[in-house]
Number of protein chains: 2
Amino acid sequence: MQQNKIQSEIQSIVATQSQYIAQHHDRFLAEVCDLIRIPSVSTDKSYANEVHRAAEFIKNQLITAGADNVEVCQTAGYPIVYGEKLINPALPTVLVYGHYDVQPADPLELWTSPPFEPRIADGYIYARGACDDKGQMYMHIKAFELMMKTNSLACNVKFMIEGEEEIGSVNLGAFCTANREKLKADVILISDTGMIANDIPSITAGLRGLSYMEVEITSPNRDLHSGLYGGAVANPINILCQMIASLHDENNHITVKGFYDKVAELSAAERAEMAKAPFDLAQYKAALDLPDVHGEKGYSTLERTSIRPTLDVNGIWGGYAGQGAKTVIPSKAYAKISMRLVPHQVSEEITELFTKHFESIAPPSVRVKVTALHGGEPVVTPTDSVAYKAAELAYETTFGKKPIPQRGGGSIPIVAMFKAALNIDSVLMGFGLDSDAIHSPNERFGLFNFRRGIETIPLFYQYFASLKK
Amino acid sequence: MQQNKIQSEIQSIVATQSQYIAQHHDRFLAEVCDLIRIPSVSTDKSYANEVHRAAEFIKNQLITAGADNVEVCQTAGYPIVYGEKLINPALPTVLVYGHYDVQPADPLELWTSPPFEPRIADGYIYARGACDDKGQMYMHIKAFELMMKTNSLACNVKFMIEGEEEIGSVNLGAFCTANREKLKADVILISDTGMIANDIPSITAGLRGLSYMEVEITSPNRDLHSGLYGGAVANPINILCQMIASLHDENNHITVKGFYDKVAELSAAERAEMAKAPFDLAQYKAALDLPDVHGEKGYSTLERTSIRPTLDVNGIWGGYAGQGAKTVIPSKAYAKISMRLVPHQVSEEITELFTKHFESIAPPSVRVKVTALHGGEPVVTPTDSVAYKAAELAYETTFGKKPIPQRGGGSIPIVAMFKAALNIDSVLMGFGLDSDAIHSPNERFGLFNFRRGIETIPLFYQYFASLKK
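Residues numbered from 1 in each chain as written. Chains lettered and ligands numbered in written order. Predicted model: local features only at pLDDT ≥ 70, side-chain atom pairs only at ≥ 80, totals over all residues.

**What to know about the overall build of chain A**
Phase 1 of the analysis: Helix and strand counts for chain A stand at 13 helices and 18 strands.
Phase 2 of the analysis: Counting only C-alpha atoms and orienting by the principal axes, one finds that chain A spans roughly 80 × 50 × 45 Å.
Phase 3 of the analysis: Counting every position in chain A, which comprises 469 residues, the buried fraction comes to 54%. (Helix = DSSP H or I, 4+ residues; strand = E, 2+ residues; numbered from the N terminus. Buried ≥ 20, exposed ≤ 12 C-beta atoms within 10 Å, placed from the backbone.)

Spelled out as structure tokens, the structure:
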């Protein structure tokens, strides 16, 4: 097909789609709000029924949108919803991945409105899951409906929507391995990342991996009175703080032995290229009300959040946290500690290095227990593939600007797993923003972004089918 | 009075008392259990009604026991229950101090039975407040009843039972200053400490002071996703851990600038004397299931818990503490930090030194807030006074052994305050044990100790009256 012909076809498709979206946008929004209202918190077992309810919701929406063979596939944990529309074996196949589970909403007291009661204000949907990933995932179901209803579906399509992304996609690998034939596709399309800004579209071309641990320090066998025992007994909180503090040196390098051994260092040229990305430090600090940024010596803020590994305490608790004073030395103290990994670190190896190191730095006066919660591999996605090119053209058509390839700081461990288990590359067409506060109180998703996603996704199908010819 | 005559009088009193206690012991126990059932947690405002109910209970018990002019004296906080029996201005006057408020019961899940439902088993009362201080304070009311009913009250007596001991006795100082005349006495008698063991009676002759602080570290203005921001933004938990870790050096000396400036160092002879106190390190470690003890270099365990100041984190919290994983960088992290003080440290000065120091060690990437919660002065009580001698004789009579003077590790800040405000020395006739787990789950008080207290207290009155003649 000639470039001109493609362009004129695209123009006509854009027009048809615009009309369909204008007509149905309010319903799209109402539907995604219905999905958001289901508090499908996968990490907390008390929400188990809700997680299952979200799977049923997705199943019904896929059927309504026109998918065939829709099923709620049971796993050892939460189910994976599958559906497909195979229109022509000669056409390329797109496998859409997303997740219907969400992070916990706490701290609840910091939400302006209830986290599972979507509030639409100032051009945003405010709710847990609004962006991550219900809002972004649902764009794909609506884009599919649109292509079906406007007779513009240009590729075969398969959906695989899971309910355990926020707890490490623990059963997805086995599902992929067991269903290699069924999941066969030319590309995996995922919207679970962000862009630099609404006027600076970008496509994520790399992600960090993750090792997430829980540690427990035990000293006396019961809580003690700090007056009677203070000074003579190891206080597990003090010890835990000392151990955590020692995990970084004075340059904010991580001290876990062997931690950096496999880290892929970027060349000066690559770093210079990265430095060209638009970034305003003053604005960054102001948006978060930071007195100053803080990180590994020798690297810029953008580098610290993308090409460098990290170690963060995500939670800590022990002793008395109520009102007023309680003079106690607790028996135990706990922390959740996670490390973001970069190519070519291996999650399982880092988990082992951390465990050994953490055990080795405990003083003889305490007992230490380290539990691995979950992990995922870092990944770099190709930017020279047909799929990437198709995504680039799709963004350029709707945003009017060529998107920038961007290394993301977050982790979508399944991208590396898909490559290993299915040998399919992913394209990360994210439409979120950093300011969407995913995993935080008052998570939101722009109505602009929701709509722009539904507009851009069908164009990817068009370009991908054209370029594959 | 001749020594012989005293001894024979004491013998006869002991016999009369024994009979009375045998007859009424079950009722004494039932009454103290009724008191314990009132969850008078002073630090948590949601228990305010219960704290007031405990005050009413004490008032009624004092009236029933035979006290005059009983009143619930209002303060800016919880009331102080006062009562008296003035039988003869020529006799010495004993002022009994105790408290009817208790520590919070959490962590609730570690209690074998509900904390405010006293359980009697294996010779103990298990409940919050069983020892600290309801059980010990109530011994005085029952000893008073006994002396009234057996016509053996040998001194005038005044009761001052407060409801804010666990939150720093914030209104007691003002009450004392305003009621100097009313509270006039020759000695203040307090049972809110322990003995070395049931077969090694001891009298507390010194107590540590306290400075109790809450600290808050703020970094970003909202919780952040650790993937998107990790590595570039100060994580308030990591920073808090680093700051706390730096409060001790490698010898477990406290690094707060000026902290040791006023610490009274004991002479080699005094330390040698202390080292004679019976202490079994292996047993100590076994009782608490400690892999090892842990404390300031150069000092023994007994010294670390008595003559040396300490710094302990009593609580820490921040980020996610629920099930599973949440990849968050929290906006804030908190800790409760207390320091036990020794003569001649001054609580207010230490509070100021800590605040300055803690603010000074914060990196520029965070904001720090330090709040003083409460404090109290360290104290050494005289062991050469008539009152101490009377206590010594009383213990010797009931335990058959001369009690050892002991420096306690805990704090009863009001002992120093009483000296300053009323110019009265205190005698600390404690009957608890370290194993009573005060401030911990499964707090208990031995039935043996409860009874031995009720037996010993009237003998103190006898000896004190005799020696004062």
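Continuing now.
**Brief notes about the domain arrangement of chain A**
A common way to state how big an interface is: give the accessible area lost once the parts meet.
Phase 1 of the analysis: In terms of domains, chain A is made up of domain 1 (3-207 + 379-468) and domain 2 (209-264 + 307-376).
Phase 2 of the analysis: The class makeup of the residues in the side of domain 1 of chain A that touches domain 2 of chain A is five nonpolar, three polar and one charged. (Domains from an automatic or database assignment. Nonpolar A, V, L, I, M, F, W, Y, C, P; charged D, E, K, R; others polar.)

**A word on the relation of the copies chain A and chain B**
Phase 1 of the analysis: Mapping chain A onto chain B calls for a rotation angle of 180 degrees and an axial translation of 0.0 Å; the resulting RMSD is 0.1 Å. Here the copies are linked by what is in effect a two-fold axis.
Phase 2 of the analysis: Of the residues that chain A buries at the interface, 100% are likewise interface residues in chain B, meaning the two copies contact each other through the same surface. (Least-squares fit on C-alpha atoms with pLDDT ≥ 70 in both. Contact = placed C-beta atoms within 7 Å.)

**Description of the environment of Gly231 of chain A**
Phase 1 of the analysis: With respect to the helices, strands and loops of the structure, Gly231 of chain A is situated in the loop between helix H5 (226-229) and helix H6 (236-245).
Phase 2 of the analysis: Residue Gly231 of chain A is classed as buried on the basis of its C-beta count, with 30 C-beta atoms lying within 10 Å.

**Digging into helix H12 (residues 414-422) of chain B**
Two residues of an α-helix separated by three or four positions point the same way, owing to the 3.6 residues in each turn.
Phase 1 of the analysis: When we look at burial in H12 of chain B, the residues that qualify are Ile414, Val415, Ala416 and Phe418 of chain B.
Phase 2 of the analysis: Two residues or fewer after H12 of chain B comes Asn423 of chain B, characterised by a positive phi angle close to 55 degrees.

**Structural notes on the pairing of strand E13 (residues 332-341) of chain A**
Residues and elements named next belong to chain A.
Phase 1 of the analysis: Among the ten residues that make up E13, ten are buried, leaving the element largely enclosed by the rest of the structure.
Phase 2 of the analysis: Neither face of E13 is open: one carries Lys332, Tyr334, Lys336, Ser338 and Arg340, the other Ala333, Ala335, Ile337, Met339 and Leu341, and all of them are buried.
Phase 3 of the analysis: Bridge count for strand E9 (residues 209-218) against E13 is ten bridges, and the pairing is antiparallel. Following the sheet pairing, Met213 is matched in E13 by Ile337.
Phase 4 of the analysis: Strand direction decides the pairing type here: strand E11 (residues 310-319) and E13, joined by seven bridges, are antiparallel. (Pairing = 2+ DSSP bridges.)

**Some points on the sheet that holds strand E18 (residues 444-446) of chain B**
Residues and elements named next belong to chain B.
Phase 1 of the analysis: Taken in spatial order, the three strands line up as E4-E5-E18 in an open sheet, and their pairing is antiparallel. Where the open sheet ends on each side, the last strands, each with one partner, are strand E4 (119-121) and E18. Taken pair by pair, the neighbouring strands of this sheet meet at an average axis angle of 25 degrees, ignoring direction.
Phase 2 of the analysis: For E4 and strand E5 (residues 124-126), the ladder comprises three bridges, and the chain directions are antiparallel. Each bridged residue has a counterpart across the sheet, and for Arg119 the counterpart in E5 is Tyr126.
Phase 3 of the analysis: Taken strand by strand, helix H13 (residues 447-468) contacts E5 and E18, and its axis lies near 60 degrees from that of E18. (Axes fitted to C-alpha atoms, helices over the stretch in contact; angles between N-to-C directions.)

**Description of the sheet that holds strand E11 (residues 310-319) of chain B**
Phase 1 of the analysis: Spatial ordering of the open sheet is given by E14(A)-E9(A)-E13(A)-E11(A)-E11(B)-E13(B)-E9(B)-E14(B), a layout of eight strands whose pairing is antiparallel. The sheet terminates laterally at strand E14 (367-376) of chain A together with strand E14 (367-376) of chain B, the two strands that pair on one side only. Averaged over all pairs of adjacent strands, the angle between their axes in this sheet comes to 20 degrees, without regard to strand direction.
Phase 2 of the analysis: With respect to the sheet, helix H10 (residues 347-360) of chain A is in contact with E9, E13 and E14 of chain A, its orientation differing from that of E14 of chain A by roughly 165 degrees.

**A closer look at the nonpolar core**
The tendency in soluble globular proteins is for nonpolar side chains to be buried side by side.
Phase 1 of the analysis: Counting 88 residues, the largest nonpolar core has Leu240 of chain A together with Leu240 of chain B as its most contacted members.
Phase 2 of the analysis: With near-sequence residues (within four places) excluded, Leu240 of chain A lies in contact with Ile217, Gly318, Ala333 and Ala335 of chain A.
Phase 3 of the analysis: Of all hydrophobic cores here, the second largest spans 83 residues; its members include Val157, Leu172, Met429 and Ala465 of chain B. (Core = buried A, V, L, I, M, F, W, Y, C linked by C-beta atoms within 7 Å.)

**With respect to the interface of chain A and chain B**
Phase 1 of the analysis: Counting from both sides, the interface comprises 84 residues of chain A and, opposite them, 84 residues of chain B.
Phase 2 of the analysis: At the level of elements, strand E10 (224-225), H5, H6, helix H9 (301-304), E11, strand E12 (328-329), E13 and E14 of chain A are the ones that each hand at least two residues to the side of chain A that touches chain B.
Phase 3 of the analysis: Residue contributions to the side of chain A that touches chain B peak at nine residues, all from E11 of chain A.
Phase 4 of the analysis: Tallied by class, the residues present in the side of chain A that touches chain B amount to 34 nonpolar, 33 polar and 17 charged.

**Description of the confidence of the model for chain A**
Phase 1 of the analysis: For chain A, mean pLDDT is 94; residues scoring 70 or higher make up 99% of the total.
Phase 2 of the analysis: On the interface metric, ipTM, the complex scores 0.78, and its pTM is 0.79. (pLDDT = per-residue confidence, 0-100.)

**Considering the packing of helix H3 (residues 134-149) of chain B against H13 of chain B**
Between two packed helices, the angle of one axis relative to the other and the distance separating the axes together describe the packing.
Residues and elements named next belong to chain B.
Phase 1 of the analysis: Interhelical geometry of H3 versus H13 gives an angle of 55 degrees and a closest axis separation of 8 Å. In terms of axis orientation, H3 runs oblique to H13. Between H3 and H13 the crossing geometry is right-handed. Contacts between H3 and H13 involve Gly135, Gln136, Met139, His140, Lys142, Ala143, Leu146 and Met147 from the first element and Phe450, Gly453, Ile454, Ile457, Pro458 and Tyr461 from the second.
Phase 2 of the analysis: In the contact of H3 with H13, the residues fall into nine nonpolar, four polar and one charged. (Parallel < 35°, antiparallel > 145°, perpendicular 65-115°, else oblique. Left-handed = near helix turned anticlockwise from the far one by under 90°.)

**Details of unusual backbone geometry**
Phase 1 of the analysis: That bond from Asp132 of chain A to Asp133 of chain A is cis: its omega, 0 degrees, falls within 30 degrees of zero.
Phase 2 of the analysis: Within the secondary structure, Asp133 of chain A sits in the loop between strand E5 (124-126) and helix H3 (134-149).
Phase 3 of the analysis: Cis geometry marks the peptide bond from Pro343 of chain A to His344 of chain A; its omega dihedral reads 5 degrees.
Phase 4 of the analysis: Looking at where His344 of chain A falls in the secondary structure, it is placed in the loop between E13 and H10.
Phase 5 of the analysis: Positioned with a positive phi, Ala437 of chain A is a non-glycine residue whose angle comes to about 55 degrees.
Phase 6 of the analysis: You can see Ala437 of chain A is positioned in the loop between strand E17 (426-428) and strand E18 (444-446).
Phase 7 of the analysis: In this structure Ala437 of chain A comes out as buried when scored by C-beta crowding, with 22 C-beta atoms within 10 Å.
Phase 8 of the analysis: The backbone phi angle of Asp122 of chain B is positive, close to 55 degrees, even though this residue is not glycine.
Phase 9 of the analysis: With respect to the element layout, Asp122 of chain B can be found in the loop between E4 and E5.

**A few points about the pairing of strand E9 (residues 209-218) of chain B**
Residues in a regular strand point their side chains to alternate faces of the sheet.
Residue and element names in this part refer to chain B.
Phase 1 of the analysis: Counting buried positions along E9 gives eight out of ten residues, so the element sits mostly inside the fold.
Phase 2 of the analysis: Here E9 runs beside E14; their pairing, made up of nine bridges, is antiparallel. Residue pairing in the sheet places Met213 in a bridge with Ala372 of E14.

**So, the environment of Val379 of chain B**
Residue and element names in this part refer to chain B.
Phase 1 of the analysis: Mapping Val379 onto the fold places it in strand E15 (residues 379-380).
Phase 2 of the analysis: For Val379, a count of 26 C-beta atoms within 10 Å corresponds to the buried category.
Phase 3 of the analysis: For Val379 and Leu459, which are 80 residues apart along the polypeptide, the C-alpha to C-alpha distance reads 26 Å.
Phase 4 of the analysis: Residue contacts for Val379: discarding those within four places in its chain leaves Gly206, Leu207, Val415 and Ala416.

**Looking at H3 of chain A**
Residue and element names in this part refer to chain A.
Phase 1 of the analysis: With 16 residues, H3 should cover 22 Å at 1.5 Å per step; its first-to-last C-alpha distance of 22 Å lies within 8% of that length.
Phase 2 of the analysis: Counting buried positions along H3 yields 14 of 16 residues, so the element is predominantly enclosed.
Phase 3 of the analysis: Within two residues after H3, Asn151 carries a phi angle of roughly 50 degrees, on the positive side. (Expected span 1.5 Å × (residues − 1).)

**Looking at the environment of Ala465 of chain A**
Residues and elements named next belong to chain A.
Phase 1 of the analysis: Topologically, Ala465 is positioned in helix H13 (residues 447-468).
Phase 2 of the analysis: A sequence separation of 309 residues divides Ala465 from Asn156, and the C-alpha atoms of the two residues are 9.6 Å apart.
Phase 3 of the analysis: Discounting chain neighbours no more than four positions away, the residues touching Ala465 are Leu91, Pro92, Ala154 and Cys155.

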